[in-house]
Amino acid sequence: MATTNASPVLVRASQAETLADGPTSLITLLADAEATDGALTANRATMQAGSPGTPAHFHTRASEMLFVLDGELRALTGDQVHTLNPGDFLLLPPRMPHAFAPAPGRDADVLVVFTPGLARFDYYRLLERVARGEATVQEIRDSSEHYDNHYIDSPAWREALRES
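Residue positions are given per chain, counted from 1 along the sequence in the order it is written. For a predicted model such as this one, the threshold for reporting local features is a pLDDT of at least 70, and the threshold for listing and counting side-chain atom pairs is 80 or more; totals across whole chains, interfaces and linings nevertheless cover every residue. Computation of side-chain values: all heavy atoms of the structure, hydrogens and water removed.

Draft legend 1. Structural view of the pairing of strand β10 (residues 108–115). The cut-offs for exposure are 20% and 50% of the maximum accessible area for each residue type, with area from a 1.4 Å probe on protein chains only; residues under the lower value are buried, those over the upper are exposed, and the others partly exposed. Each helix is a run of H or I in the DSSP string that is no shorter than four residues. Each strand is a run of E no shorter than two, and both are numbered from the N terminus. In terms of burial, β10 is largely enclosed, as six of its eight residues are buried. Between any two strands, pairing holds if DSSP finds at least two bridges. Pairing of strand β3 (residues 41–47) with β10 involves seven bridges; the strand directions are antiparallel. Bridging across to β10, T41 finds its partner in F114. The pairing of strand β5 (residues 63–71) with β10 spans eight bridges and is antiparallel. Looking at β10, one finds that L66 is bridged to V112.

Draft legend 2. Representation of the nonpolar core within the structure. Core analysis: the biggest nonpolar cluster contains 27 residues, and M47, L66, L73, F100, V110, V112 and Y124 have the highest contact counts within it. Among the elements that make up this core, the one with the highest residue count is helix α1 (residues 121–131) (six residues). Contacts of L66, omitting those with residues within four sequence positions, involve L73, D88, F89, L90, L92, F100, V110, L111 and V112. The term nonpolar core refers to a set of buried residues drawn from Ala, Val, Leu, Ile, Met, Phe, Trp, Tyr and Cys, joined through side-chain atoms within 4.5 Å. It only takes one pair of heavy atoms within 4.5 Å for two residues to be counted as in contact.

Draft legend 3. Just the pattern of salt bridges, in detail. Basic side-chain nitrogens of Lys or Arg form a salt bridge, by our definition, when they fall within 4 Å of a carboxyl oxygen of Asp or Glu. A complete count under the given rule lists nine salt bridges for this structure. Residue D109 pairs with R44 through a salt bridge whose shortest N-O separation is 2.4 Å. Residue D109 is found in strand β10, and its partner R44 is found in strand β3; the two are separated by 65 residues along the sequence. Put simply, E128 and R132 hold a salt bridge, and the shortest N to O gap is 3.3 Å. For E128, a relative accessible area of 14% gives the class buried. Among the residues examined, R132 registers a relative accessible area of 49% and is labelled partly exposed. Linked by salt bridges that have partners in common, E17, D122 and R125 make up one network.

Written as structure tokens, this is what we have:
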């Protein structure tokens, strides 16, 4: 049996930092790379009906996993748009263009996990500062390499958003 010197990571709901990255979306920070010795980064995305969700993007160094806790989620994978329901799981490998948002007229509550972990919590804090008018969208663009978050144009995602 393998042994490890790693410590467990326990985040109590009452102690987790929650950020508003827009008027219809919350991000609850669960575990960043520093806490997991680089194994993963995890957050909870809670989006109300009408939330724009995430723009189309990809990561070069991490896989992203989405697990729908409640509600209904639309997710872009490459050029396809899928609808995910509670209990559905989606793995997005590095370089796979993707995006996600609540399905039209629905809320969505999603566990989001990146592996390997990358210190991303400051990226989410930047999103909140932009939503409050304390930072600019250009700062997000300038941080894309640092946070491995590369935005792209996706005609399939634009069409899906237009349909709602």
